[in-house]
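Tertiary structure, described
Below, each chain spelled out in residue letters.
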Amino acid sequence: MKPGSAWTPSVLLIEDTASLQLVYRSVLASAGYRVSVASTAADGLAQFRGLQPAVVLLDLILPDRDGLMLMQDMLALRPEACVIAITANGSVNRAVEAMRAGAHDFLVKPFDENRLLGAVQNALAERLPRKAPAALPDPGPQDRAMLQDGSSFIGSSDTMQRIHDTIASVARSMATVFITGESGTGKELCALAVHANSARAEGPFIALNCGAIPQDLLESEVFGHMKGSFTGAISDKPGAAAAADGGTLFLDEICEMAPALQTKLLRFLQTSTVQPVGATRPRKVNVRIVCATNRDPLDAVRRGHFREDLYYRLFVVPIHMPPLRDRGQDVIEIAEAALFRFAEEEGRTFYGLDAEVRDLLPRLPWPGNVRQLLNVMRNVVVLNPGGWVGIEMLPPGLAAEMTPHRTPERARALPEPTVEADVMVGLTLAEAERKIIEATLARYGGSVPKAARVLDVSPSTLYRKIDGWAKV
């Protein structure tokens, strides 16, 4: 479910630092969640029993009890509970322990608003059937027919029509689909459309973000594990590949997968068998693979980050999701569909976008693509009573932050980090890389997404490197 729908998801935040309580609660409440707060393990467990929250955000260091033990008690009471572990920078090993003990995800302080909301949203998505993406709104009435045939993209541009045609052609085959495109362009929607148009539409659609799972847990997440196969493996766990048997396995951010696991994935593609960690015999499964990345996969091959043989095995039918800035009047169609959907959820009446807004929106570069546009329309609906959407209703500074008529080349030409050449002399390659990343983060106020855009890497890559430094 999404915030603002008839059922409002509840989140239990267990955090003993008052200032962080205030920040996290404000972010979650602004996104439409019902938030309850506890400062101790005892209070947290009591609220967990009474409220039965959809998601629990749990700091692993609490004044009266170890957070990991508290989480185990919660999962014993409600095994289906989604717990997101919060740990301080330098304690990532604790988060890994929590994941092995049953946590859905983990957050390493400090984390930004998008990372927090993304973790909660992904946890909620796991509680619901994956017939439609939890992160995106349902289309308006005029787009119901598109949704019924599995093509839930909104937009009638020539580019999107070509994508619809490709999906219709490839969906009923077993060919692997490789989706590329910037973050927020709708790659998972594309994967869902392939699944919904296929003969596997009644089977499961299992999505796995390869960049959001610690590398030492990724094998278990993909292929599963047996009870006792490693410390914390308290029961057998089927991996995503087995869970997708008879359906589709969507591997997002595939270029972030560790080389050792790439080898096992290649073997899986060749044999259609999975062997959970600790198992003695492989199991045959029938799975259709769809994968995606926001990077250039061929460049990853050239750099040695991605196996060439795996690339050619996966890159059978490529689909490129275009950035929103290249989709012309699709911006208006998406914006109005989102406006009417959010207005229905909030019980308000909006008539559409006025002429000024219809003229402005297609001229903005939208670096966050469709995801950013949806956030803007949600903001408009929540903060205004209704009527026609005018310029004054848009978030303050939107037009100034995203200068109209900015070309894609200019949009990408962000200031380069400046690190003096003589400072780099004598450093190892790893040391120089760290110095550049730290300098870029400092320039952009610690914002990992902004630094990632400047350095032309995935944000998950930076998060992983920062986590790695914290362990040293």
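Refer to the preceding data block for the structure.
Throughout what follows, the structure given in this document is the object of discussion.

About the cut-offs
Residues numbered from 1 in each chain as written. Predicted model: local features only at pLDDT ≥ 70, side-chain atom pairs only at ≥ 80, totals over all residues. Heavy atoms only, no water. Helix = DSSP H or I, 4+ residues; strand = E, 2+ residues; numbered from the N terminus. Buried < 20%, exposed > 50% of the residue type's maximum accessible area, 1.4 Å probe, protein only. Polar contact = N/O pair within 3.5 Å; in protein donor to acceptor, adjacent residues only side chain to side chain. Phe/Tyr/Trp six-rings, centres within 6.5 Å; stacked < 30°, edge-to-face > 60°. Lys NZ or Arg CZ within 6 Å of the ring centre and 35° of its normal. Pairing = 2+ DSSP bridges. Axes fitted to C-alpha atoms, helices over the stretch in contact; angles between N-to-C directions. Contact = heavy atoms within 4.5 Å.

Mapped onto the elements, Asp 245 comes out in the loop between α10 (240-243) and β10 (248-252). By relative accessible area, Asp 245 is classed as partly exposed at 30%. Placed 41 residues apart in sequence, Asp 245 and Asn 286 show a C-alpha to C-alpha distance of 5.1 Å. There is a polar contact of 2.7 Å between the side chain of Asp 245 and the backbone nitrogen of Asn 286.

The tally for this structure, following the rule as stated, stands at 6 aromatic pairs. Between Tyr 311 and Phe 315 the ring centres are 4.9 Å apart and the planes differ by 20 degrees, which places this aromatic pair in the stacked class. Overall, the relative accessible area of 6% leaves Tyr 311 in the buried class. Classification of Phe 315 by relative accessible area gives partly exposed; the value is 26%. An aromatic cluster is built from Phe 178, Tyr 311, Tyr 312 and Phe 315, whose rings are joined through pairwise contacts. Note that Arg 378 overlies the ring of Phe 342, its terminal NZ or CZ placed 4.0 Å from the centroid.

Pairing is parallel across the open sheet formed by 5 strands, whose spatial order is β2-β1-β3-β4-β5. One side of each edge strand has no neighbouring strand; the edge strands of this open sheet are β2 (34-38) and β5 (105-108). If you compare each strand with its neighbour and ignore which way they point, the axes differ by 20 degrees on average. Note that strand β1 (residues 10-14) and β2 share 5 bridges and pair parallel. Paired with Val 11 across the bridge in β2 is Val 35. Its contacts with the sheet place helix α2 (residues 41-51) against β1, β2 and β3 (55-59), and it is angled at close to 145 degrees to β2. Lying on the sheet, helix α3 (residues 67-77) is in contact with β1, β3 and β4 (82-87); it crosses β3 at an angle near 160 degrees.

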